[in-house]
Amino acid sequence: MRIYKEAGRRERIVAVLAFPFCGLLLILAGLYLYLAPQLPDTDQLKEVRFETPLQVLSRDGRLVAEFGEKHTTPLTYEQIPPLFIKAILAAEDDRFFEHEGINYKGLARAFVDIARTGGIQSGGSTITMQVAKNYFLSHERTFSRKFTELLLAKDIEDSLTKQEIMTLYVNKIFLGHRAYGIGAAAQVYYNKKINELSLAEIAMIAGLPKAPSKYNPVNNPKRAMIRRDWILGRMLELGYIRQDEYANAIKAPVGLNFRATFAEVNAPWLAEMVREELVNRFGEGIYSSGYKVYTTVSASRQNAASQAVINGLLAYDRRHGWRGAEASGANELAIRYPIGGLQAARITAVEGTTASAVLKNGTELQLDWDAMRWARPYVSVNQIGPSPKKAADILNVDDIVRVRPRASGGWELTQVPSVQGQLIALHQDTGAIEAVVGGFDFTESKFNRSLQGWRQAGSTLKPFIYSLALERGYTPATLINDSPISFGEGDNAWRPSNSDGEFYGPIRLRRGLYLSRNMVSIRLLQAVGVDNARSYMSRFGFPRDRMQRNLTLALGSAEVLPVQMAAAYAAFANGGFHVTPYFIARVEDNKGKVLFQANPERVCRECENPVQATEPAPEPVPAEITGEGTSITVTEPPAPAMPFVPSYPVASRIMSARAAWQTQSILRDVVVRGTGRSALSLGRGDLAGKTGTTNDAKDAWFAGFGGKVVAVTWVGFDQPKTLGRMEYGGYAALPLWNGFMGPALAGTAEFHPGLPSGLVPVRISMSTGLRTSDDDPDGYIDWLQVEKLPAAPPAGSPAADPAAEPQAAPEEVF
């Protein structure tokens, strides 16, 4: 009887337990029947396209900028280091390669959470389940979402290999600081490629998926280290690493090399130019398209240009004295950020001729006397105060100042310049932009002075007046009177002058340009006609409505953009052809398909002087090219041999080859013996250009070329005001040009154009501008048109130049 009673009791207990279990099964079955038809097709994971940012690259593939909300660097399974896979397994799912997508122990733990709290607290997700969640589901912690995750995990395991699942996982997981995937995390946290990470660094990144904010080494380095060390211990426990590997890795510091941006090329204005162009062409969806835009800039030249502008503006600023601390107060440092590479620092102690400071990141530094002795107080743009005697003459405790590393070691005191500048460079034959710097710092001012900054051109405009005169029959040896001239009467009269207030009398056209004599330019403009000059200059890209219809045009009163000036000077450099500046070389989609390929008009010298490819190159003919004693090698082109049909659009000729060659020759004299002499420090024989300074030195320019690169620099204030006494183009703007062209042309051959037909070498007297004998010590070689050879002094011509050859005036000013 007792046996029957106990059997009945067991049956009742089983019935009591079985009822909820059966109910749970019914609920699960119902959920399956409800959810299964709604599940997404997991086969689409085989064709997944990762949301990758728009990338802007230099022409040599270096990263300029990324646009998009996510940093991603998708990897194939073969690109994932085996040790990284083991670290992921140790951290997230060590039975990944054994189970079928579901961790039943973890799942049971999740159901216990449901019963106890009504929600899921501990997770229990496998890597496969996380893939299901990351690609198809939200991150809410509910039972229905968890059950859907289970169903999807099973489908994923049936559709994909373990390797494919792992690849999807490591490319999608969020790892903090906009990094999605381990490839991006390696770059963000360590500035390395995934295969360059150490074991300790691998473990650090492998610890991030659990809680990217909680275990982030940037935000919480202590917690991140605890998580990293736990993963290293798990790897040792699972036999993934040896004891000695563990011992070395556990000793490693955090070792971050954090990068909020991946940019390798300092070209923020270029990046914005590309972004604006791509949005206009392809729409707002471009930000997550994964497109790659290859620009025309060279990474090395662009970085050199950025540094040249920064150094040049800092040099100007230092010449005009110390304006005092940027701010004062212990709390001010926290809100400061780097500007133009200048770090903010708070002065913590001042003693004798030294000062101590601390950077925003806590780095302590010392400023010795050499770092600050330059800081004479600013009085006005033309005056600075007495030299300081001790550090306290310059700094006080809690001052917020700017510092930057010195090349010789240590730090130097600096300040953010109030002046601005720009540099733009392009290839003379194609117009491809080689470098563009729109100001001192993009974060401070996004205004692109290279493409948007209309400024008066000053004497950089004079060569166009001179070249028109050469087109009209003048020669470099033609005498022009450098003497006073006035227009009008009384108080309204215009009496232009030269910058030095002196007049040389009749001088050769060549000398008038390289010495930048204002009176010569005005008389040439009178001779060729203002309207003719405006029409001629519009061929070079200068807008007619920005050119005054009076004689001030001869002194550069027209407003121009630096990019227009660069394209215009390219015609002098390339032999007389118009090129159009451009900056996008090609656009590729996320699969490498070319969506756009630039095909610009370019100079075709063979089209005018075709040479059979089978013919040997002609022998060079030594000759003096710039006149007045400088000798280089040129080559007379051979006679046309056969028609040449180019495979590209051909640039239009806008000036004769002879006028272009003669103008280029004179512009070389600007460097050799004129206002651009400091360019001689670069040690090249193919440099040419022109300085420019506007009235009251409100704008300083240098436009020049060499080695097939044309570059234009400008310095001035955004709200025009004087740069100060002696801040001429050759003193304020030319150093920026030198700072760029030096590294830009390093290792490149000099470029000397072929001599155009119709020009012949003639020995000219410096005094009279006429032909002279070979033994005349006053003679030099110039290159003149055959039909314009001067045989004798024309009737009524001026007597002579001054006998002495003076050096260039400090600079020209209109």
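Residues numbered from 1 in each chain as written. Predicted model: local features only at pLDDT ≥ 70, side-chain atom pairs only at ≥ 80, totals over all residues. Heavy atoms only, no water.

## A closer look at unusual backbone geometry
Inference 1: Its identity is not glycine, yet His177 carries a phi of approximately 50°, on the positive side.
Inference 2: On the secondary structure map, His177 appears in the loop between helix 6 (162-172) and strand 4 (179-180).
Inference 3: With a phi angle near 55°, Asn191 is a residue other than glycine that sits in the positive phi range.
Inference 4: Among the secondary structure elements, Asn191 is positioned in the loop between helix 7 (182-190) and helix 8 (199-206).
Inference 5: Residue Asn191 is classed as partly exposed on the basis of its relative accessible area, which comes to 34%. (Helix = DSSP H or I, 4+ residues; strand = E, 2+ residues; numbered from the N terminus. Buried < 20%, exposed > 50% of the residue type's maximum accessible area, 1.4 Å probe, protein only.)

## What to know about the sheet that holds strand 15 (residues 433-437)
The pairing of strands in a sheet happens through backbone hydrogen bonds and is either parallel or antiparallel.
Inference 1: Read from one edge to the other, the open sheet built from 5 strands follows the order 15-14-26-25-24, with strand pairing classed as antiparallel. Two strands lie at the open edges of the sheet, namely strand 15 and strand 24 (688-693), each paired on one side alone. Strand-to-strand twist in this sheet, taken as the mean axis angle between neighbours without regard to direction, amounts to 10°.
Inference 2: Pairing analysis gives 4 bridges linking strand 14 (residues 420-427) to strand 15, with the strands arranged antiparallel. (Pairing = 2+ DSSP bridges. Axes fitted to C-alpha atoms, helices over the stretch in contact; angles between N-to-C directions.)

## Looking at a nonpolar patch on the surface
Inference 1: A surface patch of nonpolar side chains, amounting to about 200 Å² of accessible area, comprises Val218, Leu256 and Phe258.
Inference 2: Take Leu256: it is sitting in the loop between helix 10 (243-251) and helix 11 (268-282). (Patch = residues over 30% accessible without salt bridge, like charges linked within 9 Å, V, L, I, M, F, W, Y side chains within 5 Å. Areas by Shrake-Rupley, 256 points an atom, 1.4 Å probe, with all protein chains shown as cover. Salt bridge = Lys/Arg side-chain N within 4 Å of Asp/Glu carboxyl O.)

## Thoughts on the nonpolar core
Inference 1: Counting residues in hydrophobic clusters, the biggest one holds 88 residues, and the most contacted among them are Phe464, Phe540, Phe542 and Met565.
Inference 2: If one sorts the elements of this core by residue count, helix 18 (residues 562-574) sits on top with 9 residues.
Inference 3: When neighbours within four sequence positions are excluded, Phe540 is seen to be in contact with Phe464, Gln564, Ala568, Ala571, Phe572, His578, Ile654 and Met655.
Inference 4: In terms of nonpolar packing, the next biggest core, distinct from the first, is built from 53 residues, Ile127, Leu152, Ile194 and Met225 among them. (Core = buried A, V, L, I, M, F, W, Y, C linked by side-chain atoms within 4.5 Å. Contact = heavy atoms within 4.5 Å.)

## Details of helix 6
Inference 1: The buried fraction of helix 6 amounts to 8 of the 11 residues, a majority that puts the element mostly inside the structure.
Inference 2: Looking at helix 6, one finds that the buried residues are Lys162, Ile165, Met166, Thr167, Leu168, Tyr169, Val170 and Asn171.

## Observations concerning the packing of helix 14 (residues 462-471) against helix 20 (residues 657-673)
Inference 1: Their axes nearest at 9 Å, the elements helix 14 and helix 20 cross at an angle of 135°. In terms of axis orientation, helix 14 runs oblique to helix 20. When you trace helix 14 past helix 20, the crossing you get is right-handed. Between helix 14, through Pro463, Ser467, Leu470 and Glu471, and helix 20, the contact on the second element is made entirely by Ala659, Gln662, Thr663 and Leu667.
Inference 2: Among the residues forming the contact of helix 14 with helix 20, the class breakdown is 4 nonpolar, 3 polar and 1 charged. (Parallel < 35°, antiparallel > 145°, perpendicular 65-115°, else oblique. Left-handed = near helix turned anticlockwise from the far one by under 90°. Nonpolar A, V, L, I, M, F, W, Y, C, P; charged D, E, K, R; others polar.)

## A word on the sheet that holds strand 1 (residues 54-57)
Inference 1: One open sheet holds the 5 strands; their spatial order is 2-1-5-20-21, and the pairing between them is mixed. With partners counted over all chains shown, the strands left at the sheet margins are strand 2 (63-67) and strand 21 (594-597), one partner each. Averaged over all pairs of adjacent strands, the angle between strand axes in this sheet comes to 15°, irrespective of strand direction.
Inference 2: By the bridge criterion, 3 bridges tie strand 1 to strand 5 (residues 292-295) in an arrangement that is parallel. By the bridge assignment for strand 5, Gln55 is matched with Lys292.

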